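# Examining the three-dimensional arrangement
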Amino acid sequence: MQKKIYVVGMDDAETAAKVDAACKAVAGVTSVTSSAEKCQVMVDFDEGTAGIEDAINAAIASAGVTTLG
């Protein structure tokens, strides 16, 4: 499943790289693309993994970024 997550606080490429690394560390995530310009994170993941969406949001928050919605 692919999900687009809008974020606040991802103002530069360095922060986007931190978000990418944090999300890629979540079990079940297959790919991540963060865009500071668009303030969004595109995540592909196995939706059969229990609690994965909460884990992705927690990973994003651990990089110092706030998710919207």
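Rules and cut-offs
- Residues numbered from 1 in each chain as written.
- Predicted model: local features only at pLDDT ≥ 70, side-chain atom pairs only at ≥ 80, totals over all residues.
- Heavy atoms only, no water.
- Pairing = 2+ DSSP bridges.
- Helix = DSSP H or I, 4+ residues; strand = E, 2+ residues; numbered from the N terminus.
- Core = buried A, V, L, I, M, F, W, Y, C linked by side-chain atoms within 4.5 Å.
- Buried < 20%, exposed > 50% of the residue type's maximum accessible area, 1.4 Å probe, protein only.
- Contact = heavy atoms within 4.5 Å.
- Axes fitted to C-alpha atoms, helices over the stretch in contact; angles between N-to-C directions.
- Patch = residues over 30% accessible without salt bridge, like charges linked within 9 Å, V, L, I, M, F, W, Y side chains within 5 Å.
- Areas by Shrake-Rupley, 256 points an atom, 1.4 Å probe, with all protein chains shown as cover.
- Salt bridge = Lys/Arg side-chain N within 4 Å of Asp/Glu carboxyl O.

## So, the pairing of strand E1 (residues 2-8)
Pairing between E1 and strand E3 (residues 40-45): five bridges, direction antiparallel. Bridge assignment links Ile-5 to a residue of E3, and that residue is Val-41. Here two bridges tie E1 to strand E4 (residues 66-67), and the two strands are oriented antiparallel to one another. Of the residues in E4, the one forming a bridge with Val-7 is Thr-67.

## As for the nonpolar core
Side chains of a nonpolar character, in soluble globular proteins, are inclined to be buried together. Among the nonpolar cores identified, the biggest contains 20 residues, and Met-10, Val-19, Val-29, Val-41, Val-43, Ile-56 and Ile-60 are the most heavily contacted of them. Only E1, helix H1 (13-24), strand E2 (29-35), E3 and helix H2 (52-62) provide two or more residues apiece to this core. In contact with Val-41, other than residues within four places in its own chain, are Lys-3, Lys-4, Ile-5, Val-7, Met-10, Val-19, Val-32, Thr-33 and Ser-34.

## Some thoughts on the environment of Ile-56
Locating Ile-56 in the fold gives a position in helix H2. It is 8.9 Å that separates the C-alpha atoms of Ile-56 and Lys-24, two residues lying 32 residues apart in sequence. Dropping the residues within four chain positions of it, Ile-56 is found in contact with Ile-5, Cys-23, Val-26, Val-29, Val-43 and Phe-45.

## Quick word on the sheet that holds E1
Ordered in space as E2-E3-E1-E4, the four strands form an open sheet in which the pairing is antiparallel. Looking along the sheet, the strands with just one partner apiece sit at the ends: E2 and E4. Relative to E3, E2 is paired through six bridges, and the arrangement is antiparallel. What sits directly across from Thr-33, in E3, is Met-42. Each of E2 and E3 is contacted by H1, which is oriented at about 165° to E2, the strand it contacts most.

## With respect to a nonpolar patch on the surface
Together, Tyr-6, Val-8 and Leu-68 give the surface a local cluster of nonpolar side chains, amounting to about 280 Å² of exposed area. Here Val-8 lies in strand E1.

## Notes on unusual backbone geometry
Not every positive phi belongs to a glycine, and Cys-39 is a case in point at roughly 55°. Mapped onto the elements, Cys-39 comes out in the loop between E2 and E3.

All quantities given are derived from atomic positions and should not be read as evidence of function.
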